[in-house]
Amino acid sequence: MNRLQPETGSATPAPERSRTALLLRAGTWVVLAVSLAGPAWWAWTQEPDAAGRAVGFLAAFPLFLILVDLWTLAIARFWRPSRSPLRVPVRTPLVLAILHTGLWLCMRYLLAPEVLDRSGVSAGGQGDLAIRWGIALLFGLLWMVGTVAVFFEIRLLRWVLISEDTAVVEEKPEEADEASDMAAGPEHTYEVQTILNRLGYETGPVDGELNDATREALRKFQADTGLEATGELTMLTVIELRNRWGER
């Protein structure tokens, strides 16, 4: 992200980025890759046929997603951003780890022959498999729940790490030219919602979306701080929010 220079309206490369945030972002992708490769390897070594491997991959996937939860928990517990007010709540990876463990246990139960096979003979190794499609549908639904949960966990972690990587607190000049302001990227929305709420400007759910409530909170903050009250997310607004948060 570029650092704003209000006096000239030009953008110059930002100063040194956070090396720690960069390493944590890279580590997150590595952990996610392991979480995808792990169940694939397990299914390949445990199941003899393609159908069994596909089902085995889906069943083992929530268990390996616990690696992502543990990685996020370690970041939430031991890493303290120095330039951004955003944090990863410790309870989030804890709840998701419990969720993924429960999903894995439920999916293992649903795959048991006496549950999935309505013919009642597959456990003895004879006859054709007669799948209970209601059970199969429930199995797929549980898998989707685990996948969506880890998607939002990665998204939250990415917001926090990007915020630390791009945060630059600097004083707003007294005579800043309005034309020198510029739009801020969507990666700042989550941070802005968090700071606005903590400063008493209600934005509604902190979801990273620039909704009507967030725009109204931005207008109020901009009016209170002498900025142009447009309700838009701009770099001067982000800088002023960070400065106000730093003064608390």
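Since we're looking at a predicted model, the values are computed, not measured.

### Quick word on the overall build of the protein chain
Helix and strand counts for the protein chain stand at eight helices and two strands. For the protein chain, the succession of helices and strands along the chain, N to C, is β-β-α-α-α-α-α-α-α-α. Here the protein chain holds 248 residues, and 40% of them are scored as buried. Long-range pairs, those at least 24 residues apart, make up 63% of the contacts in the protein chain between residues at least 6 apart in sequence. Accessible surface, the protein chain as shown: approximately 13,700 Å² in total, 61% of it carbon and sulfur.

### Let's talk about the confidence of the model for the protein chain
In the predicted model, the protein chain carries a mean pLDDT of 80, and 80% of its residues have values of at least 70. Mean pLDDT values over the elements of the protein chain span from 40, in strand 1 (residues 3-5), up to 92, in helix 3 (residues 91-110). Below pLDDT 50 for its whole length, residues 1-15 participates in 38 contacts with residues either more than four positions away or in separate chains. Low pLDDT (under 50) marks residues 169-179, which in the prediction has 17 contacts with non-local residues, meaning those over four places away or in another chain.

### Here's the deal with the packing of helix 6 (residues 189-198) against helix 8 (residues 235-246)
Packing of helix 6 against helix 8 brings their axes to within 10 Å, and their N-to-C directions diverge by 45°. As far as their axial angle goes, helix 8 and helix 6 are oblique. Note that helix 6 runs across helix 8; the crossing there is left-handed. Residues Glu191, Val192, Ile195, Leu196 and Arg198 of helix 6 lie in contact with helix 8, whose contacting residues are Val238, Leu241, Arg242 and Trp245. A breakdown of the residues in the contact of helix 6 with helix 8 according to their chemical character gives six nonpolar, no polar and three charged.

### Remarks on the side chain of Thr214
Its location among the elements puts Thr214 in helix 7 (residues 212-224). Judged by relative accessible area, Thr214 falls into the buried class, the value being 0%. Here Thr214 is in contact with Gln193, Leu196, Thr203 and Glu209, once residues within four sequence places are set aside.

### A word on helix 1 (residues 19-46)
Between its first and last C-alpha, helix 1 extends 40 Å over 28 residues, near the 40 Å set by a 1.5 Å rise per residue. For helix 1, the full list of buried residues reads Ala21, Leu24, Gly27, Thr28, Val31, Leu32, Ser35, Gly38, Pro39 and Ala43.

### Here's the deal with a nonpolar patch on the surface
Nonpolar side chains collect at one region of the surface, where Val30, Val34, Leu67 and Leu70 lie side by side and expose about 330 Å² of accessible area between them. When contributions to the nonpolar patch are tallied by element, the ones reaching two or more residues are helix 1 and helix 2 (50-78). When you line up the elements, Val30 lands in helix 1.

### Quick word on the packing of helix 2 against helix 3
Look at helix 2 against helix 3: their axes get within 8 Å of each other, and the N-to-C directions meet at 165°. The orientation of helix 2 with respect to helix 3, classified from their angle, is roughly antiparallel. In this structure, the crossing between helix 2 and helix 3 has a hand that is left-handed. Contacts between helix 2 and helix 3 involve Leu58, Ala59, Ala60, Pro62, Leu63, Leu65, Ile66, Asp69, Thr72 and Leu73 from the first element and Pro93, Leu94, Leu96, Ala97, His100, Thr101, Leu103, Trp104 and Met107 from the second. Looking at the contact of helix 2 with helix 3 residue by residue, the class counts come to 15 nonpolar, three polar and one charged.

### Here's the deal with the environment of Asp207
Relative to the elements of secondary structure, Asp207 occurs in the loop between helix 6 and helix 7. The spacing of Asp207 and Thr189 is 18 residues in sequence and 8.4 Å in space, taken between C-alpha atoms. With residues near it in sequence (within four places) discarded, Asp207 still touches Arg155, Trp159 and Gln193. Looking at Asp207, its side chain comes within polar contact range of the main-chain nitrogen of Glu209, at 3.0 Å.

Criteria and thresholds
Residues numbered from 1 in each chain as written. Predicted model: local features only at pLDDT ≥ 70, side-chain atom pairs only at ≥ 80, totals over all residues. Heavy atoms only, no water. Helix = DSSP H or I, 4+ residues; strand = E, 2+ residues; numbered from the N terminus. Buried < 20%, exposed > 50% of the residue type's maximum accessible area, 1.4 Å probe, protein only. Contact = heavy atoms within 4.5 Å. Areas by Shrake-Rupley, 256 points an atom, 1.4 Å probe, with all protein chains shown as cover. pLDDT = per-residue confidence, 0-100. Axes fitted to C-alpha atoms, helices over the stretch in contact; angles between N-to-C directions. Parallel < 35°, antiparallel > 145°, perpendicular 65-115°, else oblique. Left-handed = near helix turned anticlockwise from the far one by under 90°. Nonpolar A, V, L, I, M, F, W, Y, C, P; charged D, E, K, R; others polar. Expected span 1.5 Å × (residues − 1). Patch = residues over 30% accessible without salt bridge, like charges linked within 9 Å, V, L, I, M, F, W, Y side chains within 5 Å. Salt bridge = Lys/Arg side-chain N within 4 Å of Asp/Glu carboxyl O. Polar contact = N/O pair within 3.5 Å; in protein donor to acceptor, adjacent residues only side chain to side chain.

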